[in-house]
Amino acid sequence: PVASPESLNASAGAGAERRRPPVLVIVLAFLAALGIALSVLLFVTRVNESAPTEGSADAGFARDMGEHHAQAVDMSFTLLSKSPASDMETLAYDIANTQSTQRGMLMGWLQQWELPQTTSREPMQWMSLLSDSHEHPTDSAGDPRMPGMATRAQLDELAAASGVDAERLYLS
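It should be emphasised that the depicted structure is a prediction, and the values quoted were computed from it without experimental measurement.

Draft legend 1. Just unusual backbone geometry, in detail. One non-glycine residue, E114, lies in positive phi territory at about 60 degrees. Tracing the backbone through its elements, the reader meets E114 in the loop between α4 (86-112) and α5 (152-160). Relative accessible area serves as the criterion here: at 62%, E114 is assigned to the exposed category. Even without a glycine there, the phi angle at M124 is positive, about 65 degrees. Residue classification places M124 among the buried residues on the basis of a relative accessible area of 8%.

Draft legend 2. Examining the packing of helix α3 (residues 57-80) against α4 more closely. It is the contact of α3 with α4, at a shortest axis distance of 8 Å, that shows an interaxial angle of 155 degrees. With respect to α4, the axis of α3 lies roughly antiparallel. In terms of crossing hand, the pair formed by α3 and α4 is left-handed.

Draft legend 3. Broad picture of the side chain of S56. Locating S56 in the fold gives a position in the loop between α2 (23-49) and α3. At 2.8 Å, the side chain of S56 and the backbone oxygen of T53 are in polar contact. Beyond its immediate sequence surroundings of up to four residues, S56 is in contact with W126 and L129.

About the cut-offs
- Residues numbered from 1 in each chain as written.
- Predicted model: local features only at pLDDT ≥ 70, side-chain atom pairs only at ≥ 80, totals over all residues.
- Heavy atoms only, no water.
- Helix = DSSP H or I, 4+ residues; strand = E, 2+ residues; numbered from the N terminus.
- Buried < 20%, exposed > 50% of the residue type's maximum accessible area, 1.4 Å probe, protein only.
- Axes fitted to C-alpha atoms, helices over the stretch in contact; angles between N-to-C directions.
- Parallel < 35°, antiparallel > 145°, perpendicular 65-115°, else oblique.
- Left-handed = near helix turned anticlockwise from the far one by under 90°.
- Polar contact = N/O pair within 3.5 Å; in protein donor to acceptor, adjacent residues only side chain to side chain.
- Contact = heavy atoms within 4.5 Å.

Any functional reading would require information beyond the geometric quantities listed.
Spelled out as structure tokens, the structure:
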């Protein structure tokens, strides 16, 4: 039998109505999306409620280690600019890459905690929150600094050195 145009239009319209998602599915999808959005909002709110404060050890650690890592990256690029031996070049690239990534994580914590990435506080001041007997380290000029940080004089010496001397200074 040959179908008439009217019967084709009628059957096409019936199929189209059957293909539309039921209202219940649309409402459930909307409620699921709303639930996910509210869960994320609740999680973010709770994270910020328990976030470290400006003078906390967590914030101090993140800032000081961020500075420490930044210096390691700078020193690595200083050495790399001197065309070191291949094994030293590999080490300097590895240090620059890992320390840069880790610094990004530390700065990300501060951003997540809605705290500034810099402070006027002395380095390692947050350690006194952990122990009353902690003495703040200083360099030869009496300036407070974090252990493991190179002094300005050491950075200048690395910048001026070349060859194996630069490699040894980088490692020390």
